[in-house]
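Letter by letter, the chains look like this.
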Amino acid sequence: GNPRRTVNARFDEIKASIRASGIRSPLTVTRRPGDSHFIVEAGGNTRLEAIHQLWAETREPRFGRLTVLFRPWRSETHVLTAHLVENEQRGGMTFWDKACGVMRLEAHLEEQRGHALTVRDLDEEIRALGLPVNIATLAHYRFATARLQTLGEGIPDLTGLHVKTIQP
């Protein structure tokens, strides 16, 4: 459910912090019904990757074990929303990662509701989930994910300003 596809810009800083002091806040995990493996529930994939790298590099016992909190499964919508909120609070995400994540969230919401959402409906739905995004930004996300995927390698560098300029 992690919407972040590009490397967290603060990865090296986070890894250095974990090397110095360990993980201070436990990760929360959950498990989809019927699955045998656990997934990160609400952000923390960057910290998990850092701890994996530290274990591989050092084999220090403190990096070989991780205390986590288990939360019962709620829904794909919940996991995706929790990741989006956490990623935005802790390390910022690229415009493209946010756009794709919010559009995946829209698809989950439309599936649950059984109908397409207008931009206003989507705005209300995601605000109710605790993810405030303004209507203009939602429109830019929709446009970018629908029309700009042909940019290929340029996508990670795409910003909201680029989309705002291209869209008209």
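Parameters and conventions
- Numbering of residues starts from 1 in every chain and runs along the sequence as written.
- Reporting in this predicted model follows two pLDDT cut-offs: at least 70 for local features of residues, and 80 or more for side-chain atom pairs to be given and counted; totals over whole chains, interfaces and linings ignore these cut-offs and use all residues.
- To get the side-chain values, all heavy atoms of the structure are used, and hydrogens and water are removed first.
- By definition here, a salt bridge exists when the distance from a side-chain nitrogen of Lys or Arg to a carboxyl oxygen of Asp or Glu is within 4 Å.
- Secondary structure counts use DSSP, requiring at least four H or I residues in a row for a helix and at least two E residues in a row for a strand, with both numbered from the N terminus.
- Here, residues are in contact when the closest pair of their heavy atoms is within 4.5 Å.
- Only buried Ala, Val, Leu, Ile, Met, Phe, Trp, Tyr and Cys residues count toward a nonpolar core, and they belong to the same one when joined by side-chain atoms within 4.5 Å.
- Between buried and exposed lies partly exposed: a residue is buried under 20% and exposed over 50% of the maximum accessible area for its type, with that area taken using a 1.4 Å probe on protein chains only.
- Two strands form a pair only when DSSP identifies at least two bridges running between them.
- To define axes, lines are fitted to C-alpha atoms, for helices over the stretch in contact only, and angles between the resulting N-to-C directions are given on a 0 to 180 degree scale.
- Angular relationships are summarised with four words: roughly parallel below 35 degrees, roughly antiparallel beyond 145, roughly perpendicular across 65 to 115, and oblique for the angles in between.
- Handedness of a crossing is defined here by the sense of rotation of the near helix relative to the far one, left-handed for an anticlockwise turn of less than a right angle and right-handed for a clockwise turn.
- All amino acids are sorted into three groups, where Ala, Val, Leu, Ile, Met, Phe, Trp, Tyr, Cys and Pro are nonpolar, Asp, Glu, Lys and Arg are charged, and the leftover types, Gly among them, are polar.

Here's the deal with the pattern of salt bridges
Moving on, step 1. Applying the stated criterion to the full structure yields 9 salt bridges.
Moving on, step 2. Across the pair Arg 71 and Glu 41 runs a salt bridge whose closest N-O atoms are separated by 3.1 Å. Of this pair, Arg 71 sits in the loop between β3 (68–70) and α3 (76–91) while Glu 41 sits in the loop between β2 (39–40) and α2 (45–58); the two residues are 30 residues apart in sequence, bridging distant segments of the chain.
Moving on, step 3. Through salt bridges with shared partners, a single network forms among Lys 15, Arg 19 and Glu 57.

A short note on the environment of Asn 45
Moving on, step 1. When you line up the elements, Asn 45 lands in helix α2.
Moving on, step 2. Expressed as a C-alpha distance, the spacing of Asn 45 and Val 119, which sit 74 residues apart in the sequence, is 29 Å.
Moving on, step 3. Among residues more than four places away in sequence, those in contact with Asn 45 are Asn 2, Val 40 and His 83.

Observations regarding the side chain of Asn 87
Moving on, step 1. Here Asn 87 lies in helix α3.
Moving on, step 2. What Asn 87 contacts, discounting residues up to four positions off in sequence, is Asn 2, Pro 3, Arg 4, Gly 43, Gly 92 and Met 93.

Thoughts on the nonpolar core
Moving on, step 1. Counting 23 residues, the largest nonpolar core has Ile 126 and Tyr 141 as the members making the most contacts within it.
Moving on, step 2. Counting residues per element, the ones that place at least two in this core are α3, α4 (95–113), α5 (119–128) and α6 (135–147).
Moving on, step 3. Here this core gets 7 residues from one element, more than from any other, and that element is α4.
Moving on, step 4. If we skip the residues at most four places from it in the chain, Ile 126 touches Leu 105, Leu 109, Leu 131, Val 133 and Leu 138.
Moving on, step 5. Formed by 7 residues, the second largest nonpolar core is a distinct cluster that contains Ile 14, Ile 18, Leu 54 and Phe 63.

Some words on the environment of Ala 107
Moving on, step 1. Position of Ala 107 relative to the elements: it lies in helix α4.
Moving on, step 2. On the basis of relative accessible area, Ala 107 is assigned to the partly exposed category, the value being 41%.
Moving on, step 3. Residues Ala 107 and Ser 25, spaced 82 residues apart in sequence, show a C-alpha to C-alpha distance of 31 Å.

A closer look at unusual backbone geometry
Moving on, step 1. One non-glycine residue, Arg 59, adopts positive backbone phi at about 60 degrees.
Moving on, step 2. Counting through the fold element by element, Arg 59 comes out in the loop between α2 and β3.
Moving on, step 3. With a relative accessible area of 51%, Arg 59 lands in the exposed category.

Examining the pairing of strand β1 (residues 27–30)
Moving on, step 1. With burial as the criterion, each face of β1 is covered, one bearing Leu 27 and Val 29 and the other bearing Thr 28 and Thr 30.
Moving on, step 2. One ladder, built from 3 bridges, connects β1 with β3; its direction is parallel. Looking at the pairing, Leu 27 lines up with Val 68 of β3.
Moving on, step 3. Relative to β2, β1 is paired through 2 bridges, and the arrangement is antiparallel. Paired with Val 29 across the strands is Val 40, a residue of β2.

Some words on the sheet that holds β2
Moving on, step 1. Spatially, 3 strands are ordered β2-β1-β3 in an open sheet, and the strand pairing comes out mixed. The open sheet has two edge strands, β2 and β3, and neither has a second partner.

Considering the packing of helix α1 (residues 11–21) against α2
Moving on, step 1. Orientation of α1 relative to α2, taken along the N-to-C sense of each, is 60 degrees, at an axis distance of 9 Å. Classified by the angle their axes make, α1 and α2 are oblique. Handedness of the crossing formed by α1 with α2: right-handed. Residues Phe 11, Ile 14, Lys 15, Ile 18 and Arg 19 of α1 form the contact with α2, whose participating residues are Thr 46, Arg 47, Glu 49, Ala 50, Ile 51, Gln 53, Leu 54, Glu 57 and Thr 58.
Moving on, step 2. Of the residues contributing to the contact of α1 with α2, the split by class is 6 nonpolar, 3 polar and 5 charged.

Spatial relationships are all this shows, so hold off on functional conclusions.
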